[in-house]
Structure formats: C-alpha cells, structure tokens
Amino acid sequence: MPQTALPIGQLLKEHGLIEENEIEFALQEQKATGERLGECLTRLGLVTETELSKALAAQSGLPFIDLRTFTPDQECLKRLPVQAARQKKILPLWIDGAEIHVAISDPYDTGIQEIVFRLTGLQPRPHIGARDELEKLIEWFYHLLEHPADEAIEEVTTRLRTNPNANIDVNQLVDLILTSAVSKRTTDIHLTPSDVSSRVMFRIDGVLRPAHVFPSSIHHRLITNIKVRSGMDISEQRKPQDGRMTFEFLGDSFDIRVSSVRTNFGENMVLRLLPSRGGNVLSIVDLGFEDDQLKKIRTLFARPHGMVLVTGPTGSGKTTTLYAALREQDAIGKNIITVEDPIEYEFLMIRQTQVNERAGYTFSSAIRTFLRQDPDVILVGEIRDEETAVLATRAALTGHLVLSTLHTNTTLGAIARLIDLGISPYLLSTSLIGVIAQRLLRRLCPKCKEPYDPEPGLLKELNLPPDGTFYRATGCPECQNTGYSGRTVVGEVLYLSKTILTLIAQEAPLGEIEAQARKEGFYDFAQAGIKKITRGETSIEEYQRVIG
C-alpha cells in the first residue's frame, strides 16, 4: 500500500476534476466550517465521493470498486468484527482462496492490512470505494447480518400459513418489507393481491422480481397499515388514492410515494422509494452515453440560452442526467435555480426549491418567480402542461438556459409534444436547442458474463456483426444471481442545427427532420444499443427487453 499522498486539491486538479477557482471558493468556505478540504468540496458538490475515490485509486495504484451495485458475501462479513469494520472503514467483499478482498476509502492508512490479516488470517486485497457509500454499507450489511429481514419475513409467512388469523405485528412486518427492499436497492415495491395470496414484488435495476408471498389473509391488513402511515383514507377502497410516507433505516431517510388502485381481488399498491436527502450527483461521463453523444451534450449545456429537454419514461434517469449536466456548469459564477417534485439530489451550490401545490407553488408559478431572481440557468423538473411549456419557452427566449424533462419516447417525439402543448413551430425553432432521449440497460456482471454464439438469424435481424463476440448473463453471488450489475444509459441526442431549426419553423414532417438529423450524425436507440452489445456491456436479451 502506498505511503504518501498528494494534497487533495492538487490531486483533483491533476485529474481534471476541479478548477483553481473552485478550490479557492472551498478554502473560503473551509475557514467558516473547519472541515477538511475534501469534505468541503464534496459537501458543496464541486466533486463527488466517487470521483475523489477514483482519483485516489489511480494515484495509489489500487483498483476502484463501485459499491453502489455490490452486495458483499455474508460469510466474508463474518470474518471481520463489526467494531474493526467501523473504526477503520473496511467492508469485506469476498474471499478468494487465501485472500480476502476488502473495500476501503483511505489507501494511505498503513494499519489496515495488518488489522485485516490479524483478524481474519487472510491476505487482504484492498479496493478503493467512495467513503460515503462505504460507511453506509458497513452499517447496512452488518445490521442485516445480525437482523436478517428476509428470515424474519419468512417466519411471519410460516405463522400465517399455519394460522391465517395469527396475531401479527403488521407495522413491524411493513418495516421488515421496507428494510428488505432498501437493502436490495429497490426503487418500487408492488403489493399485489390474488385469490389465495398476497405477492410482494421489488423493482431492481428496472426489472420486477418476486420478493415475498403471504397468504391472502394478511393483504388487507398490510394495505390498511400503509394507508394510515401515508395519510390515505382507509375507509375508501373503491377509488384510486395517492399518499406519502417516510421510512428511516440506520440513519438514512426515504420518501415513499404510495399509490393504490382497486383490482378484482382487492387493492393493489405501489410504493416508490426515494432517498429524502438526495442521492449522489454523478459525473456526466459516468452515465453511459457514447463519446460522440457526450460531446454534443456538453455543447448543448455550454450554450448561454435556449431550452434543452431530456425525455424518457418514468425511472429512466432523466433527472440524473440533468444534474450530471449541471455539474458541468460554473456553479460559482452562475445563478442556477431549480424547481423539482421532489428534490432528488442535493447540490448545495445551486438554489433548489420543491413544488408545493397546496401552497400554489407549481412548476409554472416557479418559473414566473425565478425570472425575478436574476437566473442564468433554470431547471424545471417536468413540463406537464401547456402553461409550463409556454413559460419555459419564454424563459429560454429571454436569455436563460432552461433545462427540463418531458414524457415522450424519442427525441423527435418531443418536438411533436411541445407543438401539441401549444408552442408554435416558429417559437419552438427559436427556443429549443437540443433533446436527449434515454433508457437504462442493465450491465452484464463482469464477474460471471460468458461468451456465446447467438443464432445467425437473430444477428441478422438485429443487424449485428456475424463475427462479433457476444456475452450473456449467467449469475453469481456477487450479482445476486441475476447476471447483471448496475445500469447504463442508452440514448439519442438530437442537436438542433440551423438547418433542422429551419425545418421545424417551416412545419416540415418529422420524417424529413429525422432524415436531416441522420445526415448530421444522429442515430437512434437501436444503433446506440448495438454499440453496447458489441462491446460486451449488455446482452442481446436485455437490449430486446428495453429497446425491442
């Protein structure tokens, strides 16, 4: 393990992650707070823990590990006492023969290897992980080691199977389900009734997976408990309802949006989990766009005014892309204001506000307010209606860079949607400067993916090279036997050139606009997805599931 480290500011500058004026700004802030410089930079959002960890890994010569998609082996966790894990910030990952792989955040702590060897009897192989994620996962996985939520849920299921009317602590059962979901990085929980059972499904990496099944006798009690906690009407079972609740898990707080609808077997309920303190803002280079697309995106977000839209279905990472792009902005020299519902990422260098419809603070009213706040960049969480579309367009026309999201399937569909919302083609041609459409593809697990030869007919159908190397998912403990680990963006980037803008103003058919865009280098989801298949990032099956 290396013995010396560069000053953190110099290290980040050498890796092109920060500018001198940002270091100076953080140093001023540091005088008031007494923090370390690295802590100050990450708190302000000028650099992320992941970027800092990657720079430390490169400097120290140790491998970086993305802990956001990793689940450690339980037998490996048992080898290192929790006290040592917490004190030295060590997360055991897996055992390979006489070696134990561990995640650490400080490659220059010379005592870590000795402690790991002394306590486990195995030779340590350190990996560098982001400090915030590392500290969180140490608490999560050691807690679950001592209090396994899935085992407790299974005990409840056994009791109900024996006695459907057993006296169950339903509040505790709901907490166990939420704990199980959070520990698996679930984004949505589905509670679905059938004639004889109540099924719990978790959406993980965009795919619904069976999690737990209870006898049907418990379903109504589960629904009622969640309704009470989320402020819904327990007496109303016929009409759809929406509510919100929070859940605390080992210092982490989650906002949960709840939706219920009546089915033929009872009420179906979906819970969407969002970290209430916001997630980590990613770098735009880490999202997965192709290099030529990334160049166009950076050009769009460097423009001084105009409107840029990110489109795609719910859960496709639109807000993540917008915030990654905001990190490309000069957050010190520009006034950046957002209105969101809810605030999904905390970024202290910008002014963030949240929709409050009861108080009359909507997306459209926020834009009116922002124009009196001397903004340079305005982020509107979503364009949902005609009024918001009109005001966002006007803001873009009056010298502001406006960023927002829109629910359309493709980049070209955004043009038709805005016209449908009442924006004239001429105004659109003078305000809209670019559209990004995206989906999320699961990445193949690098540990267990295997090469294979697909059917020649399938290769021909998908326009894949017959002599390429292709991989498929198999499954291993490190990817929870799914064959996939994490997700990556597959996208379309439509940069509106003067020629394309002229076509929009002339109300040309979308087919003609698309033909011109392709002449200028535009390509669609299918072509972007094929690039990822041929590089071995994803599988043909995943491509077909998401792209079709």
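Since the structure is predicted, the reported quantities are computational estimates derived from the model, not experimental observations.

S.K.: I'm lost on the domain arrangement of the protein chain in this one. Help?
M.R.: Reports often express the size of an interface as the amount of accessible area lost when the parts come together. Domain boundaries in the protein chain define domain 1 (48-146), domain 2 (149-275) and domain 3 (291-442 + 487-529). Using C-alpha coordinates to define each centre, domain 1 is positioned 33 Å away from domain 2. Facing the twelve residues of domain 1 at the interface are nine residues of domain 2. Surface buried jointly by domain 1 and domain 2 totals about 780 Å² across both partners, of which 61% is contributed by carbon and sulfur atoms. Linking domain 1 with domain 2 are zero salt bridges, by the criterion used here. Across the contact surface, domain 1 and domain 2 share three residue pairs in polar contact (both at pLDDT 80 or more). When grouped by side-chain class, the residues that make up the side of domain 1 that touches domain 2 number six nonpolar, three polar and three charged.

S.K.: Just checking my understanding: could you explain the UniProt feature "domain: Bacterial type II secretion system protein E" (unreviewed entry) in the protein chain for this structure?
M.R.: In the numbering used here, UniProt assigns the feature "domain: Bacterial type II secretion system protein E" (unreviewed entry) to residues 371-385. In the segment residues 371-385, helix accounts for 0% and strand for 27%; the C-alpha atoms at its two ends are 19 Å apart.

S.K.: Help me understand helix α2 (residues 20-33) in this model?
M.R.: Because an α-helix packs 3.6 residues into every turn, residues spaced three or four apart end up facing the same way. The terminal C-alpha atoms of α2 lie 20 Å apart, and with 14 residues this matches the ideal 20 Å at 1.5 Å per residue to within 8%. Among the residues of α2, Glu22, Ile23 and Ala26 are the ones counted as buried. Buried residues of α2, viewed axially, fall in a sector of 95 degrees; they line one side. The exposed set on the far side of α2, more than 90 degrees from its buried face, consists of Gln28, Lys31 and Ala32. Considering only its buried residues, α2 is in contact with α1 (8-14) and α3 (37-44). Glycine 34, located one to two residues past α2, shows a positive phi value of around 75 degrees.

S.K.: Explanation requested: the pairing of strand β11 (residues 336-340) in the structure shown.
M.R.: A regular strand places its side chains so that they alternate between the two faces of the sheet. When you tally the buried positions in β11, you get five out of five residues, the bulk of the element. Covered by surrounding structure in β11 are Ile336, Thr338 and Glu340 together with Ile337 and Val339, the residues of both alternating faces.

S.K.: Before we go on, may I ask you to explain the sheet that holds strand β1 (residues 91-96) in this structure?
M.R.: Pairing between sheet strands relies on hydrogen bonds along the backbone, with the strands arranged either parallel or antiparallel. Spatially, three strands are ordered β1-β2-β3 in an open sheet, and the strand pairing comes out mixed. Pairing within the sheet leaves two strands with one partner each, and these edge strands are β1 and β3 (123-128). Taken over all neighbouring pairs, the strand axes of this sheet differ in orientation by 25 degrees on average, direction set aside. By the bridge criterion, five bridges tie β1 to strand β2 (residues 99-104) in an arrangement that is antiparallel. Paired with tryptophan 94 across the bridge in β2 is histidine 101. Strands β1 and β2 of the sheet are contacted by helix α8 (residues 131-146), whose axis makes an angle of about 70 degrees with β1.

S.K.: Help me understand helix α13 (residues 318-326) in this model?
M.R.: Where burial is concerned, most of α13 is hidden: nine out of the nine residues are buried. Every buried residue of α13 is listed here: Lys318, Thr319, Thr320, Thr321, Leu322, Tyr323, Ala324, Ala325 and Leu326.

S.K.: Before we go on, may I ask you to explain the pairing of strand β18 (residues 484-495) in this structure?
M.R.: For β18, the buried fraction is high: ten of the twelve residues fall into the buried class. When strand β15 (residues 432-444) meets β18, the two strands line up antiparallel, connected through ten bridges. Counterpart to leucine 441 in the pairing with β18 is threonine 488.

S.K.: So what exactly am I meant to see when it comes to the packing of α2 against α3 here?
M.R.: In a packed pair of helices, the relevant descriptors are the angle between the two axes and the axis-to-axis distance. Relative orientation of the contacting elements α2 and α3 amounts to 105 degrees, with a least axis distance of 9 Å. For the element pair α2 / α3, the angle class is roughly perpendicular. In this structure, α2 uses Glu22, Ile23, Phe25, Ala26, Leu27, Glu29, Gln30 and Thr33 to contact α3, whose residues at the interface are Leu37, Cys40, Leu41, Arg43 and Leu44. Taken together, the residues that form the contact of α2 with α3 break down as eight nonpolar, two polar and three charged.

S.K.: Looking at this structure, I do not really get the environment of leucine 17. What am I missing?
M.R.: The residue leucine 17 is located in the loop between α1 and α2 in this model. For leucine 17, a relative accessible area of 24% puts it in the partly exposed group. Those residues in contact with leucine 17 that lie beyond four places of it in its chain are Leu12, Leu46, Val47, Glu51 and Ala55.

S.K.: Help me out: how do you make sense of the nonpolar core in this one?
M.R.: Soluble globular proteins tend to bury their nonpolar side chains together. Of all hydrophobic cores here, the largest spans 65 residues; its most connected members are Leu91, Leu173, Ile177, Ile189, Phe214 and Leu271. Counting residues domain by domain, this core receives three or more from each of domain 1 (48-146) and domain 2 (149-275). Once residues lying within four places of it in the same chain are set aside, the contact partners of isoleucine 189 are Ile177, Leu178, Ala181, Val200, Met201, Phe202, Met269, Val270, Leu271 and Leu273. Grouped together as the second largest cluster of nonpolar side chains are 46 residues, Leu11, Leu44, Tyr108 and Ile433 included.

S.K.: Got a minute to help me understand the packing of aromatic side chains in this structure?
M.R.: Two numbers describe a pair of aromatic rings. These are the distance of the centres and the angle of the planes. Under the criterion given, the structure shown has four aromatic pairs. Centre to centre, the rings of phenylalanine 70 and tryptophan 94 are 5.9 Å apart; their planes meet at 40 degrees, and the pair counts as tilted. Of this pair, phenylalanine 70 sits in the loop between α4 (49-60) and α5 (74-79) while tryptophan 94 sits in strand β1, and the two are 24 residues apart along the sequence. On the basis of relative accessibility, which here comes to 7%, the residue phenylalanine 70 falls in the buried class.

S.K.: Where do I start with the sheet that holds strand β12 (residues 351-354) in this structure?
M.R.: Spatially, the seven strands line up as an open sheet ordered β12-β11-β13-β14-β10-β15-β18, and their pairing is mixed. Either end of the sheet is taken by a strand with one partner, and the two such strands are β12 and β18. With direction set aside, neighbouring strand axes in the sheet form an average angle of 20 degrees. Sitting on the sheet, α13 is in contact with β10 (306-311), β11, β12, β13 (377-380), β14 (401-406) and β15, with an inclination near 165 degrees to β14.

S.K.: In this structure, what is going on with unusual backbone geometry? I would like to understand it.
M.R.: Glycine aside, a negative phi is what most residues show, and trans is what most peptide bonds show. Residue aspartate 341 is joined to proline 342 through a cis peptide bond whose omega torsion reads -5 degrees. When you line up the elements, proline 342 lands in the loop between β11 and β12. The phi dihedral of aspartate 374 falls on the positive side, at around 55 degrees, and the residue is not glycine. Here aspartate 374 is to be found in the loop between α14 (363-370) and β13. Classification of aspartate 374 as exposed rests on a relative accessible area of 62%.

S.K.: What is the right way to look at the side chain of aspartate 188 in this model?
M.R.: As for its placement among the helices and strands, aspartate 188 is situated in strand β4 (residues 188-193). Excluding its chain neighbours within four sequence positions, the residues that come into contact with aspartate 188 are Met201, Phe202, Arg203, Val270, Leu271 and Arg272.

S.K.: Just checking my understanding: could you explain the side chain of arginine 442 for this structure?
M.R.: Looking at where arginine 442 falls in the secondary structure, it is placed in strand β15. The contact partners of arginine 442, leaving out residues within four places of it in the chain, are Asp205, Val207, Arg209, Tyr484, Gly486, Arg487, Glu537, Thr538, Glu542 and Arg545.

Basis of the calculations
Residues numbered from 1 in each chain as written. Predicted model: local features only at pLDDT ≥ 70, side-chain atom pairs only at ≥ 80, totals over all residues. Heavy atoms only, no water. Domains from an automatic or database assignment. Contact = heavy atoms within 4.5 Å. Buried area = accessible area lost by both parts, 1.4 Å probe. Salt bridge = Lys/Arg side-chain N within 4 Å of Asp/Glu carboxyl O. Polar contact = N/O pair within 3.5 Å; in protein donor to acceptor, adjacent residues only side chain to side chain. Nonpolar A, V, L, I, M, F, W, Y, C, P; charged D, E, K, R; others polar. UniProt positions renumbered as here; feature names shortened; annotations may be inferred. Helix = DSSP H or I, 4+ residues; strand = E, 2+ residues; numbered from the N terminus. Expected span 1.5 Å × (residues − 1). Buried < 20%, exposed > 50% of the residue type's maximum accessible area, 1.4 Å probe, protein only. Arc of directions from axis to C-beta. Pairing = 2+ DSSP bridges. Axes fitted to C-alpha atoms, helices over the stretch in contact; angles between N-to-C directions. Parallel < 35°, antiparallel > 145°, perpendicular 65-115°, else oblique. Core = buried A, V, L, I, M, F, W, Y, C linked by side-chain atoms within 4.5 Å. Phe/Tyr/Trp six-rings, centres within 6.5 Å; stacked < 30°, edge-to-face > 60°.

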